[in-house]
Amino acid sequence: MNLEFTHIALFAVALLLTGCVSGFLAGLLGVGGGIIVVPILYMLFPALDVPEAIRMHLAVGTSLAIIIPTAITSARAHYAKGGLDPKLLRALAPSILVGVVAGSIFGGKASGTTLILIFAIIALLVSIYMAFRRDSWVLASALPASPLLRAPIGLFIGWFSVLMGIGGGTLSVPILSAFSVEMRRAVGTASAVGILIGVPGALGFIATGWGNPLLPPFSLGYCSLIGCALIVPASMLTAPWGVRTAHAIAPALLRRVFAVFLSLTSLKMFLSAFGG
């Protein structure tokens, strides 16, 4: 009993620290916490005796659940300020939801190595984009008018976001910007995309992990209830510190800091995938 209590206490402290770090970095870098929470959780779980077979699944599922309250709060704030575009959201929502549902089913059954490689590859691509992007880089003057032509965009965002355990911002903002969506509209709409990803994505990972005997205590499928309870308030506490720090740094430098962080994270995940 004492050993089990000590294990749970260590688990709780580690997740609380994860929330503090992810909140600060999310505020500093202006991204959703998932791109930060997932790799930190994955790297912490070995010390907490979470088996490798479910380590990435638990990190992704927990992150998706954490996204939900953050995305709701952010979306309401952006909507109140006119930054969320309901028409744009409705245009992408159906294909995003299809991508999320399909991705969560695939992700729950995929190997941990597959999920790690997906995270590493997308994180590397985003880091390259952030390091070298120019405002003049656009694919078209607007999103395709045809739902059939828009569908691959939503499917891509939904599928890869749920497999990485991230919300709307990391993929949606660069993609919408590439179709000439003004940055304020892109960021505001992406906050609501986080809800479309978080709710069905978390439910999917809970369902596919239900009853797995390898899960640590207080898990609901591939979702750590302790993680949700501790990471959310801790990240909300430290995020303003990161925001204040960000305002003291030039935007171009901030993008490069984000790019370096993501590239190092990607490298670590590649090494993990190949046993490094």
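Residues numbered from 1 in each chain as written. Predicted model: local features only at pLDDT ≥ 70, side-chain atom pairs only at ≥ 80, totals over all residues. Heavy atoms only, no water.

Within the protein, the regular secondary structure consists of 10 helices and 0 strands. Its helices and strands in sequence order give the protein the pattern α-α-α-α-α-α-α-α-α-α, from N to C terminus. Here the protein has a C-alpha radius of gyration of 18 Å; the compact-globule value for 276 residues is 19 Å, and the two agree. Oriented by its inertia axes, the alpha-carbon framework of the protein measures out at about 60 × 45 × 40 Å. The burial tally for the protein puts 50% of its 276 residues in the buried class. Nonlocal contacts in the protein, meaning residues at least 24 apart in sequence, comprise 80% of its contacts between residues at least 6 apart. Accessible surface, the protein as shown: approximately 12,800 Å² in total, 73% of it carbon and sulfur. Of the charged side chains in the protein, 15 are positive and 6 negative, and the gap between their average positions amounts to 12 Å. (Helix = DSSP H or I, 4+ residues; strand = E, 2+ residues; numbered from the N terminus. Rg over C-alpha atoms; globule rule 2.2 N^0.38 Å. Buried < 20%, exposed > 50% of the residue type's maximum accessible area, 1.4 Å probe, protein only. Contact = heavy atoms within 4.5 Å. Areas by Shrake-Rupley, 256 points an atom, 1.4 Å probe, with all protein chains shown as cover. Lys, Arg positive; Asp, Glu negative; His and termini not counted. Charge placed at Lys NZ, Arg CZ, Asp CG, Glu CD.)

The next thing to look at is the nonpolar core. Soluble globular proteins tend to bury their nonpolar side chains together. Formed by 78 residues in total, the largest nonpolar core has its most connected members in Phe45, Met56, Leu64, Ile96 and Phe119. A per-element tally of this core places helix α3 (residues 52-80) first, with 12 residues. When sequence neighbours within four positions are dropped, the list of residues in contact with Phe45 reads Phe11, Val50, Arg55, Leu58 and Ala59. (Core = buried A, V, L, I, M, F, W, Y, C linked by side-chain atoms within 4.5 Å.)

Let us now look at a nonpolar patch on the surface. On the surface, a cluster of nonpolar side chains totalling about 580 Å² of accessible area is made up of Ile121, Leu124, Leu125, Ile128, Phe132 and Trp137. Looking at the secondary structure, you find Leu124 in helix α5 (residues 112-132). Classification of Leu124 as partly exposed rests on a relative accessible area of 32%. (Patch = residues over 30% accessible without salt bridge, like charges linked within 9 Å, V, L, I, M, F, W, Y side chains within 5 Å. Salt bridge = Lys/Arg side-chain N within 4 Å of Asp/Glu carboxyl O.)

This part covers the packing of aromatic side chains. Taken as a whole and judged by the stated rule, the model has 2 aromatic pairs. Measuring from centroid to centroid gives 4.8 Å for Phe156 and Phe160, while their planes differ by 50 degrees, and the two rings are tilted. Placement of the pair is Phe156 and Phe160 together in helix α6 (residues 147-164), with a separation of 4 residues, close to one helical turn. Residue classification places Phe156 among the partly exposed positions, given a relative accessible area of 35%. Of the residues examined, Phe160 reaches a relative accessible area of 21% and is grouped as partly exposed. Of note, Arg55 hangs over the ring of Tyr42, and the distance from its end group to the ring centre comes to 5.7 Å. (Phe/Tyr/Trp six-rings, centres within 6.5 Å; stacked < 30°, edge-to-face > 60°. Lys NZ or Arg CZ within 6 Å of the ring centre and 35° of its normal.)

Every α-helical turn comprises 3.6 residues, leaving residues that sit three or four positions apart pointing alike. Helix length check: α3, at 29 residues, gives a terminal C-alpha distance of 43 Å against a target of 42 Å (1.5 Å per residue), a fit within 8%. One or two residues past the end of α3 sits Gly82, with phi positive at roughly 80 degrees. (Expected span 1.5 Å × (residues − 1).)

Turning our attention to α6. Counted at 1.5 Å a residue, the expected span for α6 with its 18 residues is 26 Å, and the 25 Å between its end C-alpha atoms agrees. Listed in full, the buried residues belonging to α6 are Arg150, Ile153, Gly154, Ile157, Gly158, Ser161, Val162, Leu163 and Met164. Taken together, the buried residues of α6 touch α2 (34-44), α3, α4 (86-109), α5, α7 (169-178) and α8 (183-208). The first or second residue beyond α6 is Gly165, which carries a positive phi of 75 degrees.

Note on placement: Ala59 falls in helix α3. Judged by its relative accessible area of 0%, Ala59 falls in the buried class. Along the primary structure Ala59 and Ser180 are separated by 121 residues, whereas in three dimensions their C-alpha atoms are 33 Å apart. Setting aside chain neighbours within four positions, we find Ala59 in contact with Val38, Leu41, Tyr42 and Phe45.

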